[in-house]
Amino acid sequence: MMNPEEAVYMDNNATTRVAPEVLEAMMPYLRDYYGNPSSMHRFGGQVGAAIAEAREKVANLLGADPEEIVFTSCGTESDSTAIFSALQSFPDKRHIVTTRVEHPAVKNLCESLDTLTGHKHRLSRLMVDSDGTLDLQKYEEALADDTAIVSIMWANNETGVIFPIAEMARMARERGILFHTDAVQAVGKVPINLKELDVDFLSLSGHKLHGPKGIGVLYVRRGTPFVPFLVGGHQERGRRGGTENVASIVGLGCACDLAATHMAEENSRVKALRDKLEQGLLAAIPHSMLNGHKTDRLPNTSNISFEYVEGEAILLHMDQYNICASSGSACTSGSLEPSHVLRAMGVPFTAAHGSIRYSLSIYNTEAEIDFVLEKMPPIIAGLRQMSPFWKVDA
Amino acid sequence: MWEYTNKVQQHFLHPKNVGEIEKPDGIGEVGSLACGDALKLTFKLDDKGVIADAKFKTFGCASAIASSSVLTEMIIGMTLEEAAKVTNEDIADRLGGLPKEKMHCSVMGREALESAIANYRGLKLPMAEGEIVCECFGVTDLEIIRAIKESNLRSVEEITNFTKAGGGCGKCIDRLREILMATVHQGVDIKKIAEKPKRMTTLQKIKKIEEALEREIRPGLRKDGGDIELVDVDGDFVMVSLRGSCTSCAKSQTTLKEYVEKKLRELVLDSLIVEESK
């Protein structure tokens, strides 16, 4: 096993380190307070208070009411719940608006709805521009009378590009269409105030903001028609059956508190580190390019293509130095095609296969950035020497 | 994270024979940037016809680089005839195995070697022949059938692992299943699929003749200490050169007409005429 102390971890859009404070908050509920919050006795019932407190913390980070917070098992469950709920609430509406660059949790669900529900659905999958941004006019044109739900991510996991959720949600609301956003990458990195937005459903995931894995949230705006996805007990006011994952819920509450505290740092120090890394790499390595809009972007994410070399080979060389990142190349995904996000943006094949995503967190240091800036150029140069497409004078 | 053997990691991190031989005797280039991997193999022969040096340039993942590196190590010191017998399984075995999803990397190595040998022999093999089945990766029915037979493939998933066919949009999956069923269950139907194009280009003929020589004809000749090389194909005329004990055999002309020509007519095209190149 690699020593965690030695990892230069820049893969925070994949998952994050559990904050020490979060772990500490969780431990009593794993070790001592194992009661079931639904029980009548105090030993179980007292756990319910911890859940209520966590619910409040989550609601505070999002600018929501605690009753609008439904705990789920992960971001994927939240996404599925929102979309299935809308389709069941409006059985006559069989049109969904989404984008070509959604996370598989939304993308693959929407693409397989016909099989899953036994109904025919019409999907409008919006194209993105070469910088990964959406065209609002095309979005407006896609909204139809029979649109049941719009599901568009707040920020893209691969490029960090942020979509204009406020405007898009407003346009949906004006037409009486439910609006869902997968905000798994955005929560904790950009300020969100749901009171001021026309968003009906919002998904988030604990492990992307220094909480534990296996806990998610679906925000359901008060008054939004809702059909549960997991049917069972009366937990979560009947909106999600299943005994509460108490320790993780408490951990997520703590993580949301921390996220609110660190939001400013995320957008200043972390952003500065990201910019230093990005500018340093683009300057030191010829034939490299940024994927995604330069400014409409999460403060922690940088997706850079190194032309004429392949992503998995780059990652495994980085791994020799304990540098952790990810790639949109085909070989890393187990599929044979490069990332659907980069392809939707029209990133040329020379570049798509050689894309590396660096995603930082508040735990990264300037020394780590310097280390990566020192190691990357020789890794790329070494692989290019081996590449039949690399011309020395290019 | 892939589970790569130590041998794969070693060849990936410290590849052998990277580069390009100047004035090589044979060059083989396969793959493309779009497909995500590509290999350029060059070799040089000594005066005894033994591969004295081989070098590679590879764009691709760790297993593609390792497969290329180990391939060059394997073929240096081999005669062309020996090298022609190297299979993708040999390459994978030499690496201590590859993850099944990465077997196509070893196939790429074998294809580059084949292409380099054909290049040396003056036979220009096109990258893809037969009927294209997988449009995303440009894989033909012939390549798929060959992989099914050589590596004993039994599912569409395995075909994708070995040839990449079906790994893109997935539109050809039904067709892959058909080919698999036909190839596995009915030996007779294989030929029907493989030989559908009645009007073959010279390049297609060459590849099919090479296959027939390798699979059906050489084993018979070798039993008697002989061998055969394809020299050229001009229309229906197939020029070959007999090697080993065949050269001094009084019956060599009979062998050519009664055995080689008959077999090639049966397996490739019934209008072929076999002649010995002097």
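These numbers were taken from a predicted model, which means no experiment stands behind them.

1. Concerning the interface of chain B and chain A
Reasoning step 1: Contact with chain B, which involves 32 residues of that partner, is made by 22 residues of chain A.
Reasoning step 2: The three residues of chain B that bury the most area against chain A are Phe12, Leu33 and Phe59 of chain B, which together make up 26% of that side's buried surface.
Reasoning step 3: Summed over the shared surface of chain B and chain A, the number is 1 salt bridge.
Reasoning step 4: In this structure, the salt-bridge partner of Glu312 of chain A is Lys102 of chain B, at a minimum N-O distance of 2.7 Å.
Reasoning step 5: For the side of chain B that touches chain A, the element with the most residues is strand β3 (residues 51-59) of chain B, which contributes 4 residues.
Reasoning step 6: Residues of the side of chain B that touches chain A, tallied by class, amount to 19 nonpolar, 9 polar and 4 charged.

2. Observations regarding the domain arrangement of chain B
Reasoning step 1: The domain architecture assigned to chain B consists of domain 1 (6-120), domain 2 (132-194) and domain 3 (202-276).
Reasoning step 2: Distance between the C-alpha centres of domain 2 of chain B and domain 3 of chain B: 28 Å.

3. A few points about the nonpolar core
Reasoning step 1: Of all hydrophobic cores here, the largest spans 83 residues; its most connected members are Phe306, Ile314, Met318, Tyr358 and Met376 of chain A together with Ile75 and Ile144 of chain B.
Reasoning step 2: Counting residues in hydrophobic clusters, the runner-up holds 62 residues, among them Ile69, Ile152, Met168 and Ala344 of chain A.

4. Concerning the pairing of strand β10 (residues 301-306) of chain A
Across a regular strand the side chains alternate sides, sitting on one face of the sheet and then on the other.
All names here are of chain A.
Reasoning step 1: Counting buried positions along β10 gives 6 out of 6 residues, so the element sits mostly inside the fold.
Reasoning step 2: Here β10 runs beside strand β13 (residues 355-359); their pairing, made up of 5 bridges, is antiparallel. Following the sheet pairing, Ile304 is matched in β13 by Ile356.

5. Thoughts on the side chain of Thr16 of chain A
All names here are of chain A.
Reasoning step 1: Along the chain, Thr16 falls in the loop between β1 (8-9) and α1 (20-31).
Reasoning step 2: Polar side-chain contacts of Thr16 include one of 2.7 Å to the backbone nitrogen of His210.
Reasoning step 3: The residues touching Thr16, leaving out its near neighbours within four places in the chain, are His207, Lys208, Leu209, His210, Gly211 and Lys213.

6. Description of the state of the cysteines
Reasoning step 1: Using the criterion set out here, one finds 0 disulfides over all chains in the structure.
Reasoning step 2: Considering cysteine sulfurs only, Cys256 of chain A is the nearest to Cys74 of chain A, which forms no disulfide, with 16 Å between them.
Reasoning step 3: For the unlinked cysteine Cys136 of chain B, the closest cysteine sulfur is that of Cys169 of chain B, found at 3.7 Å.
Reasoning step 4: Residue Cys136 of chain B is classed as partly exposed on the basis of its relative accessible area, which comes to 33%.

7. Observations regarding helix α2 (residues 42-62) of chain A
Residue and element names in this part refer to chain A.
Reasoning step 1: Compared with an ideal rise of 1.5 Å per residue, which puts 21 residues at 30 Å, α2 spans 31 Å between its outermost C-alpha atoms and is within 8% of the ideal.
Reasoning step 2: Every buried residue of α2 is accounted for by Gly44, Val47, Ala50, Ile51, Ala54, Arg55, Val58, Ala59, Leu61 and Leu62.
Reasoning step 3: Those residues of α2 that are buried lie in contact with α1, β2 (69-72), β7 (201-205), β8 (216-220) and α8 (246-284).
Reasoning step 4: Positive backbone phi, approximately 70 degrees, marks Gly63, located one or two places after α2.

8. Focus: the sheet that holds strand β12 (residues 326-327) of chain A
Residue and element names in this part refer to chain A.
Reasoning step 1: An order of β9-β10-β13-β12 is seen for the 4 strands of this open sheet, with the pairing classed as antiparallel. Strand pairing shows two members of the sheet lacking a second neighbour, β9 (288-290) and β12, which therefore form its edges.
Reasoning step 2: Here β12 pairs with β13 via 2 bridges, running antiparallel. Pairing of Ser326 across the sheet is with Arg357, part of β13.
Reasoning step 3: Its contacts with the sheet put helix α9 (residues 311-320) on β10, β12 and β13, and the angle it makes with β13 is roughly 45 degrees.

9. Focus on the pattern of salt bridges
Residue and element names in this part refer to chain B.
Reasoning step 1: Going through the model one piece at a time under the given rule, you end up with 50 salt bridges over all chains.
Reasoning step 2: A salt bridge links Glu73 to Lys16; the shortest N-O distance between them is 3.4 Å. Separated by 57 residues along the polypeptide, Glu73 in helix α2 (residues 62-75) and Lys16 in the loop between α1 (6-13) and β1 (26-32) bring together distant segments of the chain.
Reasoning step 3: Overall, the relative accessible area of 27% leaves Glu73 in the partly exposed class.
Reasoning step 4: Of the charged contacts in the structure, one is a salt bridge between Arg243 and Glu229, with a shortest N-O distance of 3.7 Å. One end of the pair, Arg243, is in strand β7 (residues 237-244); the other, Glu229, is in strand β6 (residues 226-234), with 14 residues separating them in the sequence.

10. Considerations on the environment of Pro348 of chain A
Residue and element names in this part refer to chain A.
Reasoning step 1: The residue Pro348 is located in the loop between α11 (340-344) and α12 (349-352) in this model.
Reasoning step 2: A relative accessible area of 41% means that Pro348 is categorised as partly exposed.
Reasoning step 3: C-alpha separation for the pair Pro348 and Ser305, spaced 43 residues apart in sequence, amounts to 9.9 Å.

So, how was this worked out
Residues numbered from 1 in each chain as written. Chains lettered and ligands numbered in written order. Predicted model: local features only at pLDDT ≥ 70, side-chain atom pairs only at ≥ 80, totals over all residues. Heavy atoms only, no water. Contact = heavy atoms within 4.5 Å. Buried area = accessible area lost by both parts, 1.4 Å probe. Salt bridge = Lys/Arg side-chain N within 4 Å of Asp/Glu carboxyl O. Helix = DSSP H or I, 4+ residues; strand = E, 2+ residues; numbered from the N terminus. Nonpolar A, V, L, I, M, F, W, Y, C, P; charged D, E, K, R; others polar. Domains from an automatic or database assignment. Core = buried A, V, L, I, M, F, W, Y, C linked by side-chain atoms within 4.5 Å. Buried < 20%, exposed > 50% of the residue type's maximum accessible area, 1.4 Å probe, protein only. Pairing = 2+ DSSP bridges. Polar contact = N/O pair within 3.5 Å; in protein donor to acceptor, adjacent residues only side chain to side chain. Disulfide = S-S within 2.5 Å. Expected span 1.5 Å × (residues − 1). Axes fitted to C-alpha atoms, helices over the stretch in contact; angles between N-to-C directions.

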